[in-house]
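Chain by chain, the residues:
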Amino acid sequence: MSKKPPKSSSNPWLEGLQTIGMSLILAFGIRQFVAEARFIPSGSMEPTLQIDDRLVVEKISYHFNPPERGDIIVFWPPEELTLPGTRRDAYIKRVVGLPGDTVEITEGTVFIDGQALNESYIMAPPDYQWGPEVVPAESYLVLGDNRNQSYDGHAWGFLPKENIIGRAVVRFWPPDRIGGLD
């Protein structure tokens with residue numbers, strides 16, 4: 001008497017749909033809560049970031065620790081900067097002023113609480129005057145590294161903490177510039 005192998009009771013189509021469904025849930029969950037890819041659409045962060053660079057933005061660390069001066073962050077601009085009926089695009093800038101800091105930009109230098117900020121990463125010294133102003137609680141002053149060609153906090157003010165999406169941590173494109181962002 002020969003034994004027949006037991007018949008599989010699972011439907012391969014159903015298993016495939018379950019696998020695809022779970023993959024989509026994981027992908028969207030990771031993008032929503034952990035990390036996502038972003039590209040650079042403008043020259044406001046040159047020379048640090050170039051147009052069409054691709055970055056990974058992590059979204060977890062700021063739930064445990066606040067942004068630090070020098071961090072490159074992705075954020076939603078204040079709502080008043082978006083015209084009615086237009087898409088609200090995320091911005092990317094560098095954190096310069098922390099809550100409670102007195103910030104002044106004069107004679108091409110950023111001063112934090114009266115001390116000149118060493119900014120070896122900027123394209124050129126700012127050609128404008130700003131402040132002095134105190135960064136409000138739960139807010140930040142963010143500026144582009146291409147100070148004279150950046151629509152940033154010197155033009156529209158302080159960024160509320162709740163607008164921050166995450167911190168840019170690594171460039172993955174183009175291949176010749178892959179690496180971490182300091």
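Whatever comes next refers back to the structure up there.
Numbers given for residues are sequential positions, taken from 1 along each chain in its written order. pLDDT decides what is reported in this predicted model: residues at 70 or higher carry local features, side-chain atom pairs at 80 or more are listed and counted, and totals for whole chains, interfaces and linings draw on all residues regardless. Computation of side-chain values covers all heavy atoms of the structure but excludes hydrogens and water.

Engineer: Residue-level account of the overall build of the chain, with values.
Structural biologist: Starting at the N terminus, helices and strands are each numbered in turn, a helix being any DSSP run of H or I of at least four residues and a strand any DSSP run of E of at least two. Broken down by element type, the chain carries two helices and twelve strands. Listing every helix and strand of the chain by position from the N terminus yields α-β-β-β-β-β-β-β-β-β-α-β-β-β. Across the 182 residues in the chain, those meeting the buried criterion constitute 36%. When checking whether two residues touch, look at their non-hydrogen atoms; a contact exists if any pair is within 4.5 Å. Here the contacts in the chain between residues at least 6 apart in sequence split such that 59% fall between residues at least 24 apart. Under the convention used here, a 1.4 Å probe and the Shrake-Rupley method define accessible areas, while residue burial counts only the protein chains that appear. Here the chain displays about 11300 Å² of accessible surface, and carbon together with sulfur accounts for 58% of that area. Think of it in three bands: residues with accessible area under 20% of the maximum for their type are buried, residues over 50% are exposed, and the middle band is partly exposed, with areas taken using a 1.4 Å probe on protein chains only.

Engineer: Could you give an account of the sheet that holds strand S5 (residues 102–106), naming the residues involved and the relevant values?
Structural biologist: In spatial order, the strands read S7-S6-S5-S8; together these four strands make up an open sheet with antiparallel pairing. The sheet terminates laterally at strand S7 (115–116) and strand S8 (130–134), the two strands that pair on one side only. When DSSP finds two or more bridges between a pair of strands, those strands are recorded as paired. Relative to S7, strand S6 (residues 109–112) is paired through two bridges, and the arrangement is antiparallel. From the neighbouring strand, isoleucine 112 faces S7, where its bridge partner is glutamine 115.

Engineer: Tell me what's going on with the side chain of threonine 48, and back it up with residues and numbers.
Structural biologist: Turning to its location among the elements, threonine 48 is positioned in the loop between strand S1 (35–39) and strand S2 (54–58). At a separation of 3.4 Å, a polar atom in the side chain of threonine 48 contacts the side chain of arginine 94. Here a polar contact means two N or O atoms within 3.5 Å. Within protein one must be a hydrogen donor candidate and the other an acceptor candidate, and residues neighboring in sequence count only if both atoms are side-chain atoms. In terms of polar contacts, threonine 48 uses its side chain to reach the side chain of aspartate 145, at 2.5 Å. The contact partners of threonine 48, leaving out residues within four places of it in the chain, are Asp53, Ile72, Arg94, Tyr121, Asp145, Arg171 and Arg177.

Engineer: Explain the environment of leucine 141 to me, and be specific about the residues and the numbers.
Structural biologist: Within the secondary structure, leucine 141 is located in strand S9 (residues 139–143). Residues leucine 141 and glycine 157, spaced 16 residues apart in sequence, show a C-alpha to C-alpha distance of 7.1 Å. Residues within four places of leucine 141 in sequence aside, it is in contact with Arg94, Val95, Val96, Gly97, Val103, Trp130, Val135, Gly153, His154, Gly157 and Phe158.

Engineer: How would you sum up unusual backbone geometry? Please name residues and give values.
Structural biologist: Omega for the peptide link from glycine 131 to proline 132 comes to 5°, which places this bond in the cis form. With respect to the element layout, proline 132 can be found in strand S8. Geometrically, the link from tryptophan 173 to proline 174 is a cis peptide bond, its omega value of 5° lying close to zero. Among the structural elements, proline 174 can be located in the loop between strand S11 (164–173) and strand S12 (179–180). One non-glycine residue, aspartate 52, lies in positive phi territory at about 75°. The class of aspartate 52 is partly exposed, set by a relative accessible area of 42%.

Engineer: Could you give me a rundown of the pattern of salt bridges, with the residues and numbers involved?
Structural biologist: Here a salt bridge means any side-chain nitrogen of Lys or Arg lying within 4 Å of a carboxyl oxygen belonging to Asp or Glu. One pass over the structure, following the stated rule, counts eight salt bridges. Between glutamate 36 and arginine 38 there is a salt bridge, and its shortest N-O distance comes to 2.6 Å. Residue class for glutamate 36 comes out buried when judged on its relative accessible area of 6%. Judged by relative accessible area, arginine 38 falls into the partly exposed class, the value being 21%. Here arginine 69 makes a salt bridge to aspartate 101, at a shortest N to O gap of 2.7 Å. With arginine 69 in the loop between S2 and strand S3 (72–75) and aspartate 101 in the loop between strand S4 (91–97) and S5, this pair connects stretches of sequence that are 32 residues apart. According to the relative accessible area criterion, arginine 69 is partly exposed, its value standing at 31%.

Function cannot be inferred from these measures alone, as they are strictly geometric.
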